[in-house]
Structure formats: structure tokens, C-alpha cells
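Chain and residue survey
Next come the chains, spelled out residue by residue.
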Amino acid sequence: FMKVNIAFLLDPLSSVMIMIITGIGFLIHVYSIGYMQEEPSFARFFTYLNLFCFMMLILVMGDNLFLLFVGWEGVGLCSYLLIGFWFKEKANGAAGMKAFIVNRIGDFGLMIGLMMLYWTLQEAGQATLVFTELKTAVASLGGMQIWGFSAATVICVFLFVGATGKSAQIPLYVWLPDAMAGPTPVSALIHAATMVTAGVYMIARMNWLFVMSPVAMTIIATIGAFTALFGAAIGFAQTDIKKVLAYSTVSQLGYMFLALGSGAFSAGVFHLMTHAFFKACLFLGSGSV
């Protein structure tokens, strides 16, 4: 019998994320008023933008994995609506669908990870999904195994698949460059400040679980390092300024995962914050260039 409340957790990590989402979100809203002035679907745009911020706040403030998952799916939906905002052009609609489908692949991994975590804890008599309770409960995963591997490793790898989809790591980075089809403020909000950092946040939030599995940490660091190099290399060859910034974002997210995989969780979150501000600035300024 699982008991999950609609409750919020305010600690240093969620505070940092809330400040990023509301701070940059506010600036992007102000920018959008002028940017979308001539747009006939002005109201629809702001509806999606506000829904996106709402879902992102649910994701970072939820005190349990269930609420995090609700926000996680919500930002996936909003990214689809915002990227395909000008859906009358086929390429834009396709870009929105691509983002949605690639995110579904990642979300499937996240769902399996959450279910496995819950079931293994239930077997140990510690069934819970609340972060504050999980922190002590995960100690019981110590000697448990799934499919011959340590339980912590299997769960962490599946959770990381979820983070890979949302935070555009190899091989699920393909949706991010296409997502430039949306209006510029959308690029700034989704690709700089908030949505792509959800995976980083989730791993930082569950750091006590990931620390239990050196194998999973190695995988995260390796894929992060590879993505950082790979994204930057592709960015070199781009001619469209928004594409250059998109691949730069993929690369910077790789650095964040490299930090998380190395156990430097605070450094990863610090880079998440600095990157959110400078990349939002670059996107909003790209039109002037």
C-alpha cells in the first residue's frame, strides 16, 4: 500500500531550481511580450509558457518521486506544444513530435527505474517514494540483486535513461537541435534554463542512491564526457546560429553529467545555474546577431 502526498519540499537544491525557473522564466515572459506582439496566437503562446513553468515547478518542488514524474511528463507535453507552436509549417510540427517521442523513450526508462526502486524497497519492507524517507531506506538495497547485477546499479541505469532523454545526452540528444523550430523565447526557456536541466536535477536529488553504484556513476561520467566532446564537435560545423547554440547546450549538459558522475554534485548544479543564465542570454540575443 503506497502513500504519496501532494506535498512540496523546500531545501537548498529545490530553492536553486525555483530561483532559476522563476527568475529566467520572468525575464523570458517579458521578452516574449515584445517578441510575439504581432502573433495572432498570442494568448495560446502565453498559456503554454505558463503551463510549462507550472509543470517545471511541480517537478522541482515535489517531495516524492511520483510528483517529480507528474512534472516530468508535464514539461514533456509543454515542450511538444511550444516547439510545434507554428504547426502550420510541417517541419515545426515534426520537430515537436520528435521531441515528444524521444522524451517518451527516456520516460519509459524512468518509469521502469521508479517501479524497480519501489518494488525492491517493498521487498526490503521499506516501501516509500518520498525523498526524505528514501534517503535512509535505500541503505536496504545494499545486498539486493536484479538480473544478477546489484539492485542499485540497475535502478540507477534506468533512471539515467530517463535523464538521457530529458537532458539530451547521447544517444537521445537528437531532439534538441530540431527543437529550434519553436519561437526564440521557447528555445531560451526549454534549452537553456529549465527543461533540459530536469535530468541533472533528478540525479542530484537522488545523489545518495547513485553514490551506491560506482558502475552507474562511471556510465554517467563516460556518457557525459563523450556528449560534451561530441556536441561541441558538431556545433563547429553548423551555420545557423540557433543550431550552434543548441549543440553548445548539448555539450554543456555533458559537462554537468560528467560532474555528477564524478561525484561532484554541487559543481554540476552550480554549472546548471550559470549555464541557465548565460545560455538564455545568448538565445535571446541571437536574433540581434
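Above this text you will find the structure in question.
All values derive from a computational prediction rather than experimental measurement.

Our next topic: the overall build of the protein. Across its full length, the protein holds 13 helices and two strands. Since a compact globule built from 289 residues should have a radius of gyration of about 19 Å, the 19 Å found for the protein is in line with a globular shape. Dimensions of the protein along its principal axes, counting C-alpha atoms only, are 60 × 40 × 35 Å. Buried residues in the protein amount to 55% of all 289 residues. Surface exposure of the protein reaches about 12100 Å², of which carbon and sulfur atoms provide 71%. Each charge class in the protein can be summarised by its mean position, and for the 12 positive and 11 negative side chains these summaries are 4 Å apart.

Note on pairing: side chains with opposite charge can pair once their charged atoms come close. Tallied over the entire structure, the rule returns four salt bridges. Across the pair Arg205 and Asp11 runs a salt bridge whose closest N-O atoms are separated by 2.7 Å. Of the two residues, Arg205 sits in helix α9 (residues 198-205) while Asp11 sits in the segment before α1 (12-35), which places them 194 residues apart along the sequence. Residue classification places Asp11 among the partly exposed residues on the basis of a relative accessible area of 22%. Taking the shortest distance from any N to any O, the salt bridge between Asp107 and Arg104 comes out at 2.5 Å. In this pair, Asp107 and Arg104 both sit in helix α4 (residues 90-123), three residues apart, roughly one turn of the helix. For Asp107, a relative accessible area of 2% corresponds to the buried category. The exposure class of Arg104 is partly exposed, given its relative accessible area of 26%.

Thresholds, definitions, all that
Per chain, residues are indexed from 1 in the order of the written sequence. In keeping with the predicted nature of the model, local features appear solely for residues at pLDDT of at least 70, side-chain atom pairs appear and are counted solely at 80 or more, and the whole-chain, interface and lining totals rest on all residues. Heavy atoms throughout the structure, all of them, feed into the side-chain values; hydrogens and water do not. Secondary structure elements follow DSSP: runs of H or I no shorter than four residues count as helices, runs of E no shorter than two count as strands, and numbering proceeds from the N terminus. In this treatment the radius of gyration is a C-alpha quantity, and the globule benchmark scales as 2.2 Å times the residue count to the 0.38 power. For each residue, the accessible area found with a 1.4 Å probe, counting protein chains only, is set against the maximum for its type, and the residue is called buried under 20%, exposed over 50%, and partly exposed in between. Shrake-Rupley sampling with a 1.4 Å probe provides the accessible areas, and residues are treated as covered by the protein chains on show and by no other component. Two residue types count as positive, namely Lys and Arg, and two as negative, namely Asp and Glu; His and chain ends fall outside the count. For this purpose, a charge sits on NZ of Lys, CZ of Arg, CG of Asp or CD of Glu. Salt bridge, as used here, is a side-chain nitrogen of Lys or Arg placed within 4 Å of a carboxyl oxygen of Asp or Glu.

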